[in-house]
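# Coordinates in review
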Amino acid sequence: MALLAERTELQLEAVRSLVEAPGPWTSVYLGLADRDPQGLPADRSARWHGLATALLDDGAAPDVIAFLGGAVRAEPPGPAVLAAFAADDGPVRLFRVPRLPEPDSSCSGPLPRVLPLLGWLQDHPPHVLVVTDRTGADLETFTHGVYRRRTVVGPDDEIERNAPGGWAQGRYQHRAEDSWQHNAGQVAEAVSAEVRESGARLVVIAGDIRAVQLLEEQAPPWVRKETTWRHITGGRSADGSQRTRPERVEDVVQEFVDEEVAALLGRFEEERAPGGIGVEGVPQTLDALARGQVAALLLVPGALEGRTAWFGPDPSHVRADGDQLPPPDWGPALRAPLADVAVRAALGSRGQVWLVPDGLPGSPAEGIGAFCRFR
C-alpha cells in the first residue's frame, strides 16, 4: 500500500471529512517542542518509539506505523503538536496544532480520535485584535491557528489639537476631531471586513482611549450585535505592553470561551425541561442522533471514558452498546468509543459539537446531551 501525506488546515470541515471517511484509523498526537514543561530535553524519537510500540500492540498496520514515523521525524521542531491520521484507504492527514493539554497519545480503531482537535477549535475561536490610535490601527485576525496581520492608515493626518490660542483655536480643534473621526471610520471598515471574512465572534481592542471610543461609535451595528468586544490595556507606541499582550489576549479569549460554555449550559437547563428542545442521557441523545435531529451535541468527555456504542456505514447508524444488537439492514456494524460515535453522527448531520469540562453545573446526565432542531 502506497501512502501519501496530506497537510491540512485545522478547521471544522477538515475534522468532519475525517470522521465521515471509512476506517480503520490510526490516530497519533506527538508534541514537537525541543523541551518539556520542566525545561528538560524532549526526546522525540524515544517518545515516538513508545507510541509506535503501543500502536503495534493495538493492531495498527506496520507500514502505516513506519510511514507515520517518517512524518514524525521530518516535522520541524516548535511549540506545537503533530496530529496525524491514517486510514487503510486514503492519504495520511497531518495537522500542526499549536499546543494541546496532553500532546503525546496514540490509538488504533474504527474511528479517528478527533476530540483533541475539536477541543482546540472550541478553545481558540476566530477573533480580531485591534490596537488603535488616532492615526489608524494594527489588526491581527486569528483563524484556525493562523494570525493574519494588517495595518490601517487613516486618510487624514491632522491629528494634533494643540494649536495656538486666538480666533483660530476652534478651527484647529474641529479639524483634528474630523480627522480622528475619518481615521476611526477607516479602522471600523477594516474591522468589519476582518470579522466578516474570519467569522470572528470576539473583538479584543486596545489603544488610545479617544480612538477606541470613536471606533466603537462607528462600528456597524451588525458587527456590535454579532461579536463580543473586550478591552485590554496598552497602545500602539512602544510602551512595554507589547511583551505581555499575547498572554492578555489569551486570557480574554479563555474567559470568552468559558462564558460561552456557561451560557450554553444555562440554556440547556431551560431546554431540557418538558416541552423544550433539549435531551440528555445516552439512550435519548443517541436516539436524537439516529433521527438526524441534533443541532448541537454536548459531551463531557471525562464522564464517557470507557463507554462504547455501535455505529454503521451511515452517520445516523448509532445505537447504545447493550443487549440489543444493530439491525441487519445497517450492513457492517462496529463498536467504538461512545464519544467518537456521537461526534461522527453529529458532524455527519451538520450539527455542532461542544465539549464540556468535568464538574460544571448544569452538565447533561451521563455526560451527553443535545439541543434538537425540533421536538
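Up top you'll find the structure we're talking about.
Residues numbered from 1 in each chain as written. Predicted model: local features only at pLDDT ≥ 70, side-chain atom pairs only at ≥ 80, totals over all residues. Heavy atoms only, no water.

## As for the pairing of strand β9 (residues 202-207)
In terms of residue burial, β9 counts as a mostly covered element, since 5 of its 6 residues are buried. Here strand β6 (residues 127-133) pairs with β9 via 6 bridges, running parallel. For L129, the partnering residue across the bridge sits in β9 and is V204. Note: β9 against strand β10 (residues 228-231), 4 bridges, orientation parallel. (Buried < 20%, exposed > 50% of the residue type's maximum accessible area, 1.4 Å probe, protein only. Helix = DSSP H or I, 4+ residues; strand = E, 2+ residues; numbered from the N terminus. Pairing = 2+ DSSP bridges.)

## Details of unusual backbone geometry
Cis geometry marks the peptide bond from G23 to P24; its omega dihedral reads 5 degrees. Residue placement: P24 occurs in the loop between α1 (12-20) and β2 (25-31). Positioned with a positive phi, R350 is a non-glycine residue whose angle comes to about 65 degrees. Positionally, R350 belongs in the loop between α10 (338-348) and β16 (352-355).

## Looking at the packing of aromatic side chains
For the coordinates displayed, the defined rule picks out 5 aromatic pairs. Between W120 and F142, the aromatic rings sit 6.2 Å apart at their centres with planes inclined by 45 degrees, giving tilted as the arrangement. Of this pair, W120 sits in helix α4 (residues 115-123) while F142 sits in strand β7 (residues 136-143); the two residues are 22 residues apart in sequence, bridging distant segments of the chain. For the pair W120 and F142, a shared accessibility class is recorded, and that class is buried. Aromatic pair F268 and F371: ring centres 5.5 Å apart, planes at 80 degrees, arrangement edge-to-face. With F268 in helix α8 (residues 245-271) and F371 in strand β17 (residues 368-372), the pair connects residues that are 103 residues apart, well separated along the chain. (Phe/Tyr/Trp six-rings, centres within 6.5 Å; stacked < 30°, edge-to-face > 60°.)

## Some thoughts on the sheet that holds strand β4 (residues 92-97)
Spatially, β1-β4-β3-β2-β5 is the arrangement adopted by the 5 strands of the open sheet, whose pairing is mixed. The open sheet is flanked by β1 (5-7) and β5 (105-109), the only strands paired with a single partner. Going across the sheet, the axis of each strand differs from the next one's by a mean of 15 degrees, ignoring polarity. Pairing analysis gives 3 bridges linking β1 to β4, with the strands arranged parallel. Residue pairing across strands places A5 opposite V92, the latter belonging to β4. Against the sheet, α1 makes contact with β2, β3 (81-87) and β4, and its axis sits at roughly 145 degrees relative to β4, the strand it touches most. Seen against the sheet, helix α2 (residues 44-57) touches β2 and β5 and runs at an angle of roughly 160 degrees to β2. (Axes fitted to C-alpha atoms, helices over the stretch in contact; angles between N-to-C directions. Contact = heavy atoms within 4.5 Å.)

## Thoughts on α1
Taken together, the buried positions of α1 are occupied by A14, V15, R16, L18 and V19. Buried-residue contacts for α1 involve β2, β3, β4, α4 and α10.

## Some points on the pairing of β4
Within β4, 5 of the 6 residues are buried, leaving the element largely enclosed by the surrounding structure. Here β3 pairs with β4 via 5 bridges, running antiparallel. Bridge assignment links A83 to a residue of β4, and that residue is F95. What sits between the antiparallel neighbours β3 and β4 is a turn of 4 residues, in which G90 has the positive phi angle 120 degrees.

## Remarks on the sheet that holds β17
Pairing is mixed in the open sheet, where 4 strands are placed in the order β11-β17-β12-β16. Unpaired on one side and paired on the other, β11 (278-280) and β16 mark the two borders of the sheet. Ignoring strand direction, the axes of neighbouring strands in this sheet form an average angle of 20 degrees. Examined bridge by bridge, strand β12 (residues 294-299) and β16 share 4 bridges and lie parallel to one another. Counted as the bridge partner of A296 is Q352 from β16.

## Regarding the layout of surface pockets
The space that makes up the second largest pocket amounts to roughly 400 Å³. Sorting the residues of the lining of the second largest pocket by element identifies α4 and β16 as the ones contributing at least two each. Of the residues belonging to the lining of the second largest pocket, the class tally is 8 nonpolar, 6 polar and 1 charged. (1 Å grid on protein atoms, 1.4 Å probe; cavity = no way out; pocket = protein on both sides within 12 Å on 5 of 7 lines; lining within 4 Å. Points joined across faces, edges and corners; volume = space filled by probe spheres on them. Nonpolar A, V, L, I, M, F, W, Y, C, P; charged D, E, K, R; others polar.)

## As for a negative patch on the surface
A cluster of acidic side chains, namely D123, E247, D251, E255 and D258, defines a negative patch on the protein surface. With respect to the helices, strands and loops of the structure, E247 is situated in helix α8. Assessed through its relative accessible area of 44%, E247 is described here as partly exposed. (Patch = residues over 30% accessible without salt bridge, like charges linked within 9 Å, V, L, I, M, F, W, Y side chains within 5 Å. Areas by Shrake-Rupley, 256 points an atom, 1.4 Å probe, with all protein chains shown as cover. Salt bridge = Lys/Arg side-chain N within 4 Å of Asp/Glu carboxyl O. Lys, Arg positive; Asp, Glu negative; His and termini not counted. Charge placed at Lys NZ, Arg CZ, Asp CG, Glu CD.)

## Observations regarding helix α9 (residues 282-290)
Of the positions making up α9, those classed as buried are V282, T285, L286, A288 and L289. Axial view of α9: buried residues confined to an arc of 155 degrees, hence all on one face. Next to the buried residues of α9 lie β11, β12, β13 (308-311), β14 (318-320), α10 and β17. Positive backbone phi, approximately 65 degrees, marks G292, located one or two places after α9. (Arc of directions from axis to C-beta.)

## A few points about empty space enclosed by the protein
Per the counting criterion, the structure on display carries 1 cavity of 30 Å³ or more. The computed volume of the largest cavity comes to approximately 40 Å³. Every residue lining the largest cavity is listed: T132, D133, R134, G136, W180, N183, A184, V187, A211 and L215. Elements with a minimum of two residues in the lining of the largest cavity: β6, α5 (169-198) and α6 (209-218). Per-element accounting of the lining of the largest cavity gives the leading share, 4 residues, to α5. Considered class by class, the residues forming the lining of the largest cavity number 5 nonpolar, 3 polar and 2 charged.

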